[in-house]
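Inside the fold
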Amino acid sequence: MTQNKLASLQSTALKVREHIIGMSTGGGCFIGASLSCVELVVYLYSEFLNVDVDNIKSPDRDYLFLSKGHDVPALYSTLGELGFIDLARLKNHLLTNDSIYWHPNRNVAGVEFHSGSLGHLPSVAAGVALDCKLKGEPNQIVVITGDGELNEGTVWETILVANAYKLNNLTIIVDRNQFQANIRTEDLIPLEPLVDKFKAFGCEVQRINGHDFTAIHNALKGIPYSDNKVNVIIADTVRGRGLPSIEARADRWFCTFTEDETKQLLEELHGHAYAIIESETLIVR
Amino acid sequence: MGYEELLLQTAQDDERIIVMTAENRALVRNMPKNLGSRFIDTGITEQTMIGMAAGFALRGRVPVVHALAPFLTMRAFEFIRTDVGIAHLPVKLSGFIPGFLSDGNGPTHQAIEDVSIMRGIPGMEVYCPADEDDLVKMLPAIWANPNPAYVRINHKKGNYTHAPFEPGKAEVITQGKHITFLVYGMLLDNVLAAQKILEADGGVEGLSVGVVNMRTLKPVDEEVIINCVRNSEVLVVVEDHFATGGLYTIVAETLLKHKLTASVLSLALNKWFKPGMLNEVLAFEGFTAEKIAHKTRAFYSNEAAGNGVL
C-alpha cells in the first residue's frame, strides 16, 4: 500500500471517529464498539469491497454484513464519508423524522441488513454466499462479528454449515476488542484460544492488528485463503480506540455524553488534552 | 424497594432461587457480589440459559432468568415452550425493555409480540406491571407460585400508588359510565393523564371515564372485562403491543366466550414502531395523553351518535 493511500485511509478513519463522537450525545450510542472497528469498516468500503454508490443494489456487488450491530455509528459515518448517505443525516440520530438509531437499519443506503440481535448475520451471509456459489458468481461476502457475539451458538452452527458447503467466498472478521457489553470476554465466557477454535471448526484463520491498515490490507489481499474453507480474520482491537480516557473500559460501552464532553473528546481524539467526563459511567441497554 | 433489592432479599430468604442472565445485567448489577454462586451469567446464550434453567428447576430450584424481552421470548422461544412449558417448570422469566421501553434500539429489540407468544404456551402466566411500584407489589406472588411465568419488566417510576396485588385480579382505578380504558404496562400513566383531559375538557358534559390497570394478562380477570362492558358504553384498549395477540385479542376472546359484544377501540401497534427517544416515539406513534384522549373522544362521539346517545 502506498504512503498516500495509507494517509488517505487514516484521514478518513479520523473523520469517522469525529462523527462517532458526535453521535455519542443526545441519547448516545455504543461508542466503544464503534471506535474499535473503524479501520476495518473504512478499509473494507474504501479498498476491498466492490460496492459503491452506483452499484449498491446490483447483484454483482460485494456484501458487508455488520452483525455486531452496536457499531453502526462507524458504518453510517463511513457511508457518509464515502458519499453513500448525506453526512448531515448523522445529526438525525434518534430522531423519528429519520431512520438512524442505535442499530443498523437496512433502509439506510449501503446497509445490507438490519442487526442488533446477535448471531444472525453469519447465517444470512452464508445464504448469500451459497447463492453466489450456486450461480458461479465471484462476489465476496464479509461479515463483521463482535467477540462477545461468539457466545451465540448460531455463529458456530453457521461455520459448520458454511464449511460443509465450502464457502471460501465468505469471510468472517471478528472485532476482537476483548469486551462483551459489561465485562471482559475472558472473565465471563472465555474465547481463547480463538484461532484454534475456528481452525477446529474447519476455517482458515489469520490474526492481525485490527487498527493497522497495512495488516488489514495484507490479510484481505490473500482471500480466498483456500479453495474450500471459510476465511476468518481475528482483528485484535481496542474498545474505545482513539480516546484514551475511555479505551478498554468495561463501563464505557453505551455512552451518552453532554455536548461539552463531546467537545473535550474531540480535543482528546486530536491528541490535545484528556477529556474530563462526568456523565454517568455506565448506562446499560 | 426496587427490583434488584427485592430479588436479592427473596433469594437470601429462599435457597431455591437461582438468578440467571444472558449477559443483560442492568436489572441485576449488584447480584454477583451479593448472591455469589447462585448468580449465573451464561453469556449471550439465551437458549442455553433457558435449557439450564429447566435443569435447575428439575432439581427443585426456582430460576429467575433475565434478558432483553425480545431475545428472551423470541430467541429462546422453543426452549421456553419445550423445556419449561411442556414440563410446566417454575422458571420465572424477567424480560427487560419490553414494548416502547426499547425506545431508540430499533425493531430487533422491540418486544411487541411477547405477550402474544408467551400466553400461547399452556400454563405460562403473563404479568405486565405499570411501573416499579406495581412491579414490586406483584413479584412476591409470582415468584412464590409453582407456575412458569413471564414478567414484562417495567421499573420506571410511575405517578400512581397501586393497591396490593391480588393474583388473577385487575386493578380498577376508577369506574367509568361512558368510557373505560383497559391498559397494562408503561402506558398507564398516559392513560391516567388522558382520562383527566377527557373529563375536564371532553366536550361532553359530565363524561365519566374509567381506568383499569390489567396487571395480569394470563390468567386474565374476565370478570372485570365483563363488568366494564356491562357498565360502560365504550371500551378503549391501550397497549404497546401488536393488536394481534395482546389485550385487544384477549378482550375479544373473553367477550365471545361469554356471548357478549361491545364497542371497543384498539390503540395498539400494527407494525414495528419508529425508533427514537421515548417521548418522541410516543408522540410519533400517537400514544401521548393528548393523542389517546383525542382518538378516544372521536371514537366515543361516533359510537354515541350511532347508538342514539347524543
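Everything numeric in this text was worked out from a predicted model, so none of it was measured.

**Regarding the overall build of chain A**
What chain A contains, in helices and strands, is 10 helices and 5 strands. Taken against the 2.2 N^0.38 rule, which gives 19 Å for 285 residues, the C-alpha radius of gyration of chain A at 18 Å falls within 12% of a compact globule. Based on the C-alpha atoms only, the size of chain A along its principal axes is roughly 55 × 45 × 40 Å. For chain A, with 285 residues in total, the buried portion stands at 51%. Summarising the internal contacts of chain A: among those between residues at least 6 apart in sequence, 75% fall at separations of at least 24.

**Quick notes on the sheet that holds strand β5 (residues 231–236) of chain A**
Backbone hydrogen bonds are what pair the strands of a sheet, in a parallel or an antiparallel way. All names here are of chain A. Sheet architecture is open: 5 strands sit in the order β1-β2-β3-β5-β4, paired in parallel fashion. Of all the strands in the sheet, just β1 (63–66) and β4 (204–209) have a single pairing partner and so form its edges. Neighbour-to-neighbour, the strand axes of this sheet turn through a mean angle of 20 degrees, independent of strand direction. Here 6 bridges tie strand β3 (residues 170–176) to β5, and the two strands are oriented parallel to one another.

**With respect to the sheet that holds strand β12 (residues 263–269) of chain B**
Residues and elements named next belong to chain B. The strand order across the open sheet built from 5 strands is β7-β9-β8-β11-β12, with neighbouring strands paired in mixed fashion. This sheet does not close on itself; its edge strands, each paired only once, are β7 (171–174) and β12. Geometrically, the sheet is characterised by an average inter-axis angle of 20 degrees between neighbouring strands, direction not taken into account. Sheet topology note: the strand β11 (residues 234–242)/β12 ladder contains 6 bridges and is parallel.

**Points about the domain arrangement of chain B**
Residue and element names in this part refer to chain B. Domain parsing of chain B yields domain 1 (3–152) and domain 2 (171–306). Its C-alpha centre places domain 1 at a distance of 28 Å from the equivalent point of domain 2. Facing 24 residues of domain 1, the contacting portion of domain 2 comprises 26 residues. Elements supplying a minimum of two residues to the side of domain 1 that touches domain 2: α6 (114–119), β5 (125–127) and α7 (132–144). Among the residues making up the side of domain 1 that touches domain 2, the classes are represented as 12 nonpolar, 6 polar and 6 charged.

**Notes on the packing of helix α3 (residues 38–48) of chain A against helix α4 (residues 72–81) of chain A**
All names here are of chain A. Close contact between α3 and α4 brings their axes to 9 Å; oriented N to C, the two are set at 35 degrees. Crossing angle aside, the handedness with which α3 passes α4 is right-handed. Across the interface between the two elements, V38, V41, V42 and Y45 of α3 pack against A74, L75 and T78 of α4.

**Regarding the nonpolar core**
Residue and element names in this part refer to chain B. Among the nonpolar cores identified, the biggest contains 105 residues, and L182, V183 and V191 are the most heavily contacted of them. Counting contributing residues, this core receives three or more from each of domain 1 (3–152) and domain 2 (171–306). Excluding residues within four positions of it along the chain, L182 makes contact with V212, M214, C228, L235, V237, L247 and V251.

**A look at the environment of A215(A)**
Residue and element names in this part refer to chain A. Relative to the elements of secondary structure, A215 occurs in helix α9 (residues 213–221). Overall, the presence of 19 C-beta atoms within 10 Å leaves A215 in the partly exposed class. For the pair A215 and A235, spaced 20 residues apart in sequence, the C-alpha to C-alpha distance is 9.4 Å. Excluding its chain neighbours within four sequence positions, the residues that come into contact with A215 are I208 and N209.

**What about unusual backbone geometry?**
Here the bond from E192(A) into P193(A) is cis, since omega is 0 degrees, no more than 30 degrees from zero. Structurally, P193(A) is set in the loop between α7 (185–188) and α8 (194–200). Cis peptide bonds are those with omega within 30 degrees of zero, and the linkage from I223(A) to P224(A) qualifies with 0 degrees. Relative to the helices and strands, P224(A) is located in the loop between α9 and β5. In this structure, A248(A) is a non-glycine residue whose phi angle is positive, near 55 degrees. For A248(A), a count of 17 C-beta atoms within 10 Å gives the class partly exposed. A positive phi angle, close to 65 degrees, is found at R215(B), a residue other than glycine. Residue classification places R215(B) among the buried positions, given that 27 C-beta atoms sit within 10 Å.

**Details of helix α5 (residues 77–85) of chain B**
Residues and elements named next belong to chain B. Residues of α5 that are buried include every one of F79, I80, D83, V84 and G85, and no others. One side of α5 holds all its buried residues, which, seen down the axis, span an arc of 165 degrees. Those residues of α5 that are buried are in contact with α3 (46–58).

**Overview of the pairing of β4(A)**
All names here are of chain A. Taken together, the 6 bridges between β4 and β5 define a ladder with parallel strand orientation. Residue pairing across strands places V205 opposite V232, the latter belonging to β5. This β-α-β element, β4 to α9 to β5, shows right-handed connectivity.

**Brief notes about helix α1 (residues 3–13) of chain B**
Residue and element names in this part refer to chain B. All buried positions along α1 are accounted for by Y3, L7, L8 and A11. When α1 is viewed along its axis, its buried side chains cluster within an angular range of 125 degrees and face the same direction. Exposed side chains of α1 directed beyond 90 degrees from the buried face belong to E5, Q9, Q12 and D13. Residues of α1 that are buried make contact with β1 (17–21), α2 (31–35), β3 (62–68) and α7.

**Here's the deal with the pairing of β1(A)**
All names here are of chain A. By the alternation rule, side chains of β1 split into Y63 and F65 and L64 and L66, which are all buried. Two strands pair when backbone bridges link them, and β1 and strand β2 (residues 141–146) are joined in this way by 4 bridges, in the parallel orientation. Its bridge partner lying in β2, L64 is registered against V142.

Analysis parameters
Residues numbered from 1 in each chain as written. Chains lettered and ligands numbered in written order. Predicted model: local features only at pLDDT ≥ 70, side-chain atom pairs only at ≥ 80, totals over all residues. Helix = DSSP H or I, 4+ residues; strand = E, 2+ residues; numbered from the N terminus. Rg over C-alpha atoms; globule rule 2.2 N^0.38 Å. Buried ≥ 20, exposed ≤ 12 C-beta atoms within 10 Å, placed from the backbone. Contact = placed C-beta atoms within 7 Å. Pairing = 2+ DSSP bridges. Axes fitted to C-alpha atoms, helices over the stretch in contact; angles between N-to-C directions. Domains from an automatic or database assignment. Nonpolar A, V, L, I, M, F, W, Y, C, P; charged D, E, K, R; others polar. Left-handed = near helix turned anticlockwise from the far one by under 90°. Core = buried A, V, L, I, M, F, W, Y, C linked by C-beta atoms within 7 Å. Arc of directions from axis to C-beta. Right-handed = clockwise from strand over helix to strand, strands pointing away.

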